[in-house]
Amino acid sequence: MSFLNFSSGDIYKSGVAFWVNALSSSNVAVIVVTFALAIMITVRSITSLQKWKSEKGKVNVLKFHSEEDVAVSLAKYIADLSAKFIKENGCFSVVLSGGTLIDTLRKLLEPPYIHSIDWSKWLIFFLDERVVPLSHPDSNYKLALDGFLSKVPIPKSSIHAINDKLSPEDAAHDYESRLKQLVEKGTLRKSGSSKFANFDLMLLGMGPDGHVASLFCWHFERFEKTRWVTFIKDSPKPPSQRITFTFPLINAASEIAMVVTGEDAADAVKIALRKPSSSSCCFPLPVEKVSPIGNLTWFLDSHATSGYHR
Ligand SMILES: O=C(O)[C@H](O)[C@@H](O)[C@H](O)[C@H](O)COP(=O)(O)O
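Residues numbered from 1 in each chain as written. Predicted model: local features only at pLDDT ≥ 70, side-chain atom pairs only at ≥ 80, totals over all residues. Heavy atoms only, no water.

Colleague: Which parts of the structure should I look at to understand the site of the ligand?
Modeller: Surrounding the ligand, one finds 14 residues, the nearest of these being T100, D128, H211, A213 and K237. R130 is positioned such that a nitrogen or oxygen atom in its side chain is 2.8 Å from an oxygen atom of the ligand. At 3.3 Å from an oxygen atom of the ligand is found a side-chain nitrogen or oxygen belonging to R242. Taking 420 Å² as the accessible area of the ligand by itself, protein coverage stands at 89%. Looking at side-chain class alone, the shell around the ligand contains 2 nonpolar, 8 polar and 4 charged residues. (Near = heavy atom within 4 Å. Polar contact = N/O pair within 3.5 Å; in protein donor to acceptor, adjacent residues only side chain to side chain. Areas by Shrake-Rupley, 256 points an atom, 1.4 Å probe, with all protein chains shown as cover. Nonpolar A, V, L, I, M, F, W, Y, C, P; charged D, E, K, R; others polar.)

Colleague: What is the right way to look at unusual backbone geometry in this model?
Modeller: When glycine is set aside, most residues are seen to have a negative phi, and most peptide bonds are trans. Between P111 and the following residue, P112, the backbone shows a cis peptide bond with an omega angle of 0°. Checked against the element boundaries, P112 lands in the loop between helix 4 (101-104) and helix 5 (113-116). With an omega dihedral of -5°, the bond running from P238 to P239 counts as a cis peptide bond. Within the secondary structure, P239 sits in the loop between strand 8 (229-232) and strand 9 (242-245). In this structure, W218 is a non-glycine residue whose phi angle is positive, near 65°. Positionally, W218 belongs in the loop between strand 7 (201-204) and strand 8. On the accessibility criterion, W218 (62% relative accessible area) is exposed. (Helix = DSSP H or I, 4+ residues; strand = E, 2+ residues; numbered from the N terminus. Buried < 20%, exposed > 50% of the residue type's maximum accessible area, 1.4 Å probe, protein only.)

Colleague: Please clarify how the pattern of salt bridges should be interpreted in this entry.
Modeller: Close approach of charged atoms allows side chains of opposite charge to pair. Evaluated as defined, the whole model comprises 17 salt bridges. In this structure, K76 and D80 form a salt bridge, with 2.7 Å as the shortest nitrogen-oxygen distance. Of this pair, K76 and D80 are both found in helix 3 (residues 67-89), 4 residues apart, which corresponds to roughly one turn of the helix. A residue is classified by how much of its surface remains accessible, and K76, at 44% relative accessible area, is partly exposed. When the shortest N-O distance is used, the salt bridge between K84 and E88 registers 3.8 Å. (Salt bridge = Lys/Arg side-chain N within 4 Å of Asp/Glu carboxyl O.)

Colleague: I would appreciate a short explanation of the packing of aromatic side chains in the present structure.
Modeller: Any two aromatic rings considered together are summarised by their centre-to-centre distance and by the angle between their planes. Scanning the model with the defined rule gives 12 aromatic pairs in all. On the numbers, 4.9 Å between centres and 65° between planes, the contact of Y77 with F299 is edge-to-face. Here the residue Y77 occupies a position in helix 3, and F299 occupies one in strand 11 (residues 295-300), the gap between them amounting to 222 residues. Grouping residues by exposure puts Y77 and F299 together as buried. With centroids separated by 6.4 Å and ring planes inclined at 55°, the aromatic side chains of W122 and F148 adopt a geometry described as tilted. Of the two residues, W122 sits in strand 3 (residues 122-126) while F148 sits in the loop between helix 6 (140-147) and helix 7 (168-185), which places them 26 residues apart along the sequence. (Phe/Tyr/Trp six-rings, centres within 6.5 Å; stacked < 30°, edge-to-face > 60°.)

Colleague: How should the sheet that holds strand 2 (residues 92-96) be read in this particular structure?
Modeller: Hydrogen bonds along the backbone pair up the strands of a sheet, which may run parallel or antiparallel. Pairing is parallel across the open sheet formed by 6 strands, whose spatial order is 1-11-10-7-2-3. Each edge of the open sheet is held by one strand with a lone partner, namely strand 1 (59-63) and strand 3. Each adjacent strand pair in this sheet contributes to an overall mean axis angle of 20°, direction not counted. In this structure, strand 7 lies alongside strand 10 (residues 255-260), joined through 4 bridges in parallel fashion. When the bridges of strand 10 are listed, L201 appears paired with E255. Along the sheet face, helix 3 touches strand 2, strand 3, strand 7, strand 10 and strand 11 and points at about 165° away from the line of strand 10. (Pairing = 2+ DSSP bridges. Axes fitted to C-alpha atoms, helices over the stretch in contact; angles between N-to-C directions. Contact = heavy atoms within 4.5 Å.)

Colleague: I keep staring at the side chain of E129 and nothing clicks. Help me out?
Modeller: Within the fold, E129 resides in strand 4 (residues 128-130). The buried charged residue E129 lacks any salt bridge, with R130 as its nearest oppositely charged partner at 5.2 Å. A distance of 2.9 Å separates the side chain of E129 from the backbone nitrogen of Y141, its partner in a polar contact. Once residues lying within four places of it in the same chain are set aside, the contact partners of E129 are L134, S139, N140, Y141, I162, Q241, R242 and I243. (Lys, Arg positive; Asp, Glu negative; His and termini not counted.)

Colleague: When you look at helix 7 in this model, what are you seeing that I'm missing?
Modeller: Count 3.6 residues to each turn of an α-helix, and residues three or four apart come out pointing the same way. Taking 1.5 Å as the rise per residue, helix 7 with 18 residues should run 26 Å; its terminal C-alpha atoms sit 26 Å apart, in good agreement. Of all the residues in helix 7, the buried ones are P168, A171, A172, Y175, E176, L179, L182 and V183. The buried residues of helix 7 occupy an angular sector of 130° when projected down its axis, which confines them to one face. The outward face of helix 7, more than 90 degrees from its buried face, is lined by the exposed residues E184 and K185. Buried residues along helix 7 sit against strand 3, strand 5 (189-190), strand 6 (197-198), strand 8, strand 9 and helix 8 (247-250). (Expected span 1.5 Å × (residues − 1). Arc of directions from axis to C-beta.)

Colleague: Could you clarify how one ought to interpret the nonpolar core in this entry?
Modeller: Taken as a class, soluble globular proteins show a tendency for nonpolar side chains to be buried jointly. Formed by 87 residues in total, the largest nonpolar core has its most connected members in W122, F245 and W298. Looking at this core element by element, the count peaks at 9 residues for helix 3. (Core = buried A, V, L, I, M, F, W, Y, C linked by side-chain atoms within 4.5 Å.)

Take a look at the structure:
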């Protein structure tokens, strides 16, 4: 991923040098195109700086020795948030990813949490889902049901799976409409600063390529601004057909836990957590767009942080 090391500043300087050359050769078309490019790159650099400023102070990075330690700490973090949100609002809306996250939730299935959490008040949603039958081994719903949901007394009616009879387009549209209805009914809150639903907690994993949910590099879905849920038919991670929350909906959450363990993700963790002053990359990884209105807490083990020393 060496292209990721180009900085906007470098490109900008090259642009300026090229412009000066173009001026001296009096080629009008080249001057106009280069001038436009220089303006675009300058605007891009400023956007980058603002992004990092607005994220300041909201990010908590927790580094643990082992995946087991991550699981222990994550369970306490979730149990505390469950108690807080149930006390404040009478319920706790939780959004699950697929992948290794479900196994990392295993400490919630043990005392004290299995008895102390008021599971009847939980509402479960899926951050992304593979468009396969819910009983298929690739289904995130099945993964969550087998590994977690079937072992806690969350009412079935509070678990909001996708409609697996629909095409990716229709399934995304259907899930979005159902979320909007829940906001209208008052079951889900609306984010104060945007029109999107304000989930209490989103539990995110991250792939080695820096993807979160089913928002991948080089796919336009990651730039979606208005939809709550979108779809993808050519996911680089199989299976190819998926639906996914968009970044505006993800970033309207009160709390986001980014749970990343294992060495495969170390390079992406290093890029995502680099110093704000070095945020000069032209093509940020999808994970770099995670910037909630609330708090973002990273849960990392020593393998995931093997490239990150801060
Ligand atoms: O449907 C999916 O594939 C997941 O929701 C996906 O976004 C996952 O969270 C990451 O790929 C991390 O997966 P791992 O934890 O298995 O690395």
